[in-house]
Amino acid sequence: MSRRVRIAGKVSQMALVLVGILVFRAEADDTCLECHLQLEDNLQAPALQIKTDVHYQRGISCAGCHGGDPAEVDPESSMSPSKGFVGTPKPQQIPSFCARCHSDVEYMKHYNPKLPTDQLAQYKTSVHGKRLTKGDTQVATCISCHGAHGILRASDTRSPVFKTNIPKTCSSCHADQKRMAPYKISTSQYNDYLQSVHGKLLLEKKELSAAACTDCHGNHGASPPGLSDVAGACGECHPSNRDLFEKSPHKEPFQKARLPQCVVCHGNHKVLPPSDEFLGVSEEAVCVRCHRPGSKGYEISASFKTLLDSLKAVTEEARQLVKKAEVAGVKVGLTKFDLKACEDAIVRSRSELHSFILTDFRTLVQDGMAKAKRVKQASLVSLEDLEIRRKGLIFSAALILLLCVTLWIKIRKLDSRKENP
Amino acid sequence: MRFFSAVYGWVGERLNLTPLVDLIKKKSVPAHRHSLWYYTGGMTLFFFAVQVATGILLLLYYRPTAEAAYESVQFIMTEVKFGWLVRSLHSWSANLMIGALFVHMFSAFFMKAYRKPRELTWFSGAFILFLALAFGFSGYLLPWNKLAYFATKVGTDIAGEVPLLGHSVMVFLRGGEEVSGATLTRFFGFHVAILPATATFVLLLHLLLVQVQGMSVPPALEKNPNRKSIPFFPHFILRDLLGWLLALLLLVVLASIFPWELGEKADPLAPAPAGIRPEWYFLFMFQTLKLLPAEIWFVPGELVGALAFAVGGLLWVLIPLLDKNPTGRWGHWVSRLGWVVVAYMVAFTILGYLWPAGK
């Protein structure tokens, strides 16, 4: 072994020892952790949990929130009010307790310039916040959703406020019948949400763009959307349908009758996957819940359904013809793109429905049907190629048959010459 | 005619063609009531020639990857001039070649053409049949469509059932645990390089043996002192040519009535479509395996079936060595057994097509 290698080895050993000493000192400096790790149950748990806490990892330890002097070994002294020790905040104090830092724009910039600092202001507008101000300590505060010790970033998949965990977190209180009894509010939201299109997308398919509770109700400022705000809430993700509804003949009567806009047809927590059967005058249709037979609305509902069904039927015929041509191996080319335009027309029509203006809808449907008919025509022309090919081959077969007959005659002649030389 | 005479003269001055011409003039072929079956060999050869010609044309555009195979066949069928015709002829001719091979093999079997001294002709012919089946199996996957994909999956699964070597054979065929782009690439390699090279060699050997030993005459007619024959040229050649033309006619009629389809592109993640079945020439085996119970005694039914086919195939190949006295009592039993085999194959193939999907 060369001298240089030996020296490098010694230096590495010394560096390791030095790092060990520094780590030990850092642990020893925080007497809060040192003592609480020796304790049991509730007094030990925070010390165990804090290791993964985002604050702790950024250098804010127990004293960062609770005050006191973590350098003091004597508990009396380290947890002395004279050293700024505030102990465990009461539920009413928690929002402002967290807000000491989280509402301080300058301070928060050092850690995460992107993080909003209006959580407390938002919270005060929430139903939770308002009730807390009135002295109801059963409502959710910051720690109800984020946890107290071991707080994770919201982007951490293990965090209770990570998108896919939000429904479960909210349901921990809102699905609790005993807890919700004094407020006289339903506890079925979570079960309804699980069956909804949003719930299935978010929880089963892990589609993070699907709506969770906070997308409609807000997070820190959580409250039920007002009757006239429903379209606004839904429209955050479905802007086109919102804009169409805004100009629809339903807008005003709904407002007058205090009907909750989108929710009237689609429901709220249990928003089922939209179906074309919602439309029209069948038993499943939502239109007939308000529009009685013989009324103008009833007839218009039926017309919407008929138009949409016609577009779907023609598009399906076009799709089948394109598929037939493609499977047969004849040139389809741009017809497939045109078919996509027909399928888009169905999607656009389904959206256009939300304006409930029959003339606009009819124009769109007729445009789609014209495209579908062109696709059908183009596919039929492509399929004619098969016939042309077939005719060509039949002609060739006839020529070959003629050649066979000629050859057979020649063979017969040869045979007769052989027999009668 | 003067042009041909001039060419013949020019070549004759450089190469002595007289022995060859004398041989052709002197050569004759037996003529009897079963001599029609002689032409099935020529028809098979004709289909093979069509396969080579159309295969080379397809090779100009075909791309052997999972991403491009289907699209390249689609391009051949829609954009390449007469590409649809070339592809349709290739697909139909493949099936007809195997059909003609079966007919040729059974005609040779029932006419006892395998008897001494033509054992080697039989062995080489049997080998050609296996090569043709391998051609069919490997070529079926190449368009990378849904049916082909799942048929290959089922076919290679069966290979994987064989004890000891089965799994290794399956992995070798697939190029991995699953049917994938790697399978397509190696099947392409088998189809256009390994199999054609082997087939050409064995086919030449088979033809050479036929030419050297002449056509076999059925034992019942062999001893007839008034046996007739026809000159090889032009009488037999013209009849052979007529056979080729009829084969071409059949090919064209089938291609025009039932143009070979492109199908839907394979999607390995999609569930297997109902009623998946292999090409017709494997169907009797597939149907048998389907009807076998899950376990026979304590051995998996499919394994018993696969082994039975392997043993049956081996015995069939070794018939010339087993049937030492083709005209005797044992020889008659062998012929009867042959008819049972034909009936079984036909019945199970029909059953395979009639069997309800998904059962």
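A quick note: this is a predicted structure, and the numbers were derived from the prediction, not measured.

(A) Molecular detail of the overall build of chain A. A count of helices and strands for chain A gives 23 helices and 0 strands. Considering chain A as a whole, with its 421 residues, one finds that 31% of them fall into the buried category. Taking as baseline every contact in chain A between residues at least 6 positions apart, the subset at least 24 positions apart corresponds to 56%. About 26100 Å² of surface is accessible on chain A, with carbon and sulfur atoms providing 60% of the total.

(B) Main features of the interface of chain B and chain A. The partner chain A presents 25 residues to the 31 residues of chain B that form the contact. Between chain B and chain A, roughly 2400 Å² of surface is buried when both sides are summed, and carbon and sulfur atoms account for 72% of that area. The interface formed by chain B and chain A includes 3 salt bridges. Of the charged contacts, one joins B:Glu79 and A:Lys331 as a salt bridge, the two residues approaching to 3.3 Å between their closest N and O atoms. The tally of links between chain B and chain A comes to 9 residue pairs in polar contact (both at pLDDT 80 or more).

(C) View of the state of the cysteines. Residues and elements named next belong to chain A. Under the definition given, this model contains 0 disulfides over all chains. Cysteine Cys-35 remains unbridged, with the sulfur of Cys-32 as its closest cysteine sulfur at 7.9 Å. Cysteine Cys-98 remains unbridged, with the sulfur of Cys-142 as its closest cysteine sulfur at 3.9 Å. Judged by its relative accessible area of 27%, Cys-98 is partly exposed.

(D) Highlighting the packing of aromatic side chains. Residues and elements named next belong to chain B. Under the defined criterion, the tally for this structure stands at 36 aromatic pairs over all chains. Their ring planes at 25° and their centres at 6.3 Å tell us that Phe-106 and Phe-110 sit as a pair that is stacked. With Phe-106 and Phe-110 both in helix 5 (residues 83–110), this residue pair falls 4 residues apart, about one helical turn. Ring centres of Trp-122 and Trp-316 lie 6.3 Å apart, and the angle between their planes is 50°; on these two criteria the pair is classed as tilted.

(E) Focus on helix 7 (residues 94–102) of chain A. Looking only at helix 7 of chain A, the buried set comprises A:Ile94, A:Pro95, A:Phe97 and A:Ala99. Residues of helix 7 of chain A that are buried sit in contact with helix 5 (62–66), helix 9 (119–125), helix 10 (127–133) and helix 11 (142–146) of chain A.

(F) View of a nonpolar patch on the surface. All names here are of chain B. Where nonpolar side chains cluster on the molecular surface, the patch consists of Leu-20, Leu-23, Ile-24, Phe-233 and Ile-237 and spans about 440 Å² of accessible area. Among the elements of the structure, helix 2 (18–26) and helix 11 (232–257) are those that each provide at least two residues to the nonpolar patch. Residue contributions to the nonpolar patch peak at 3 residues, all from helix 2. Positionally, Leu-20 belongs in helix 2.

(G) Representation of the side chain of B:Ser335 within the structure. Residue and element names in this part refer to chain B. Topologically, Ser-335 is positioned in helix 15 (residues 329–354). When its relative accessible area of 14% is taken as the criterion, Ser-335 is described as buried. When neighbours within four sequence positions are excluded, Ser-335 is seen to be in contact with Phe-109, Phe-110 and Lys-112.

(H) Quick peek at the side chain of A:Asp276. All names here are of chain A. Relative to the helices and strands, Asp-276 is located in the loop between helix 20 (262–266) and helix 21 (296–328). Residue Asp-276 is classed as buried on the basis of its relative accessible area of 13%. In contact with Asp-276, not counting residues within four places along its chain, are Lys-305, Leu-308, Lys-312 and Arg-350.

(I) Spotlight on the environment of A:Gly218. Residue and element names in this part refer to chain A. As for its placement among the helices and strands, Gly-218 is situated in the loop between helix 16 (213–217) and helix 17 (230–235). A relative accessible area of 28% places Gly-218 in the partly exposed class. Sequence separation between Gly-218 and Tyr-123 is 95 residues; the distance between their C-alpha atoms is 9.9 Å.

Rules used throughout
- Residues numbered from 1 in each chain as written.
- Chains lettered and ligands numbered in written order.
- Predicted model: local features only at pLDDT ≥ 70, side-chain atom pairs only at ≥ 80, totals over all residues.
- Heavy atoms only, no water.
- Helix = DSSP H or I, 4+ residues; strand = E, 2+ residues; numbered from the N terminus.
- Buried < 20%, exposed > 50% of the residue type's maximum accessible area, 1.4 Å probe, protein only.
- Contact = heavy atoms within 4.5 Å.
- Areas by Shrake-Rupley, 256 points an atom, 1.4 Å probe, with all protein chains shown as cover.
- Buried area = accessible area lost by both parts, 1.4 Å probe.
- Salt bridge = Lys/Arg side-chain N within 4 Å of Asp/Glu carboxyl O.
- Polar contact = N/O pair within 3.5 Å; in protein donor to acceptor, adjacent residues only side chain to side chain.
- Disulfide = S-S within 2.5 Å.
- Phe/Tyr/Trp six-rings, centres within 6.5 Å; stacked < 30°, edge-to-face > 60°.
- Patch = residues over 30% accessible without salt bridge, like charges linked within 9 Å, V, L, I, M, F, W, Y side chains within 5 Å.

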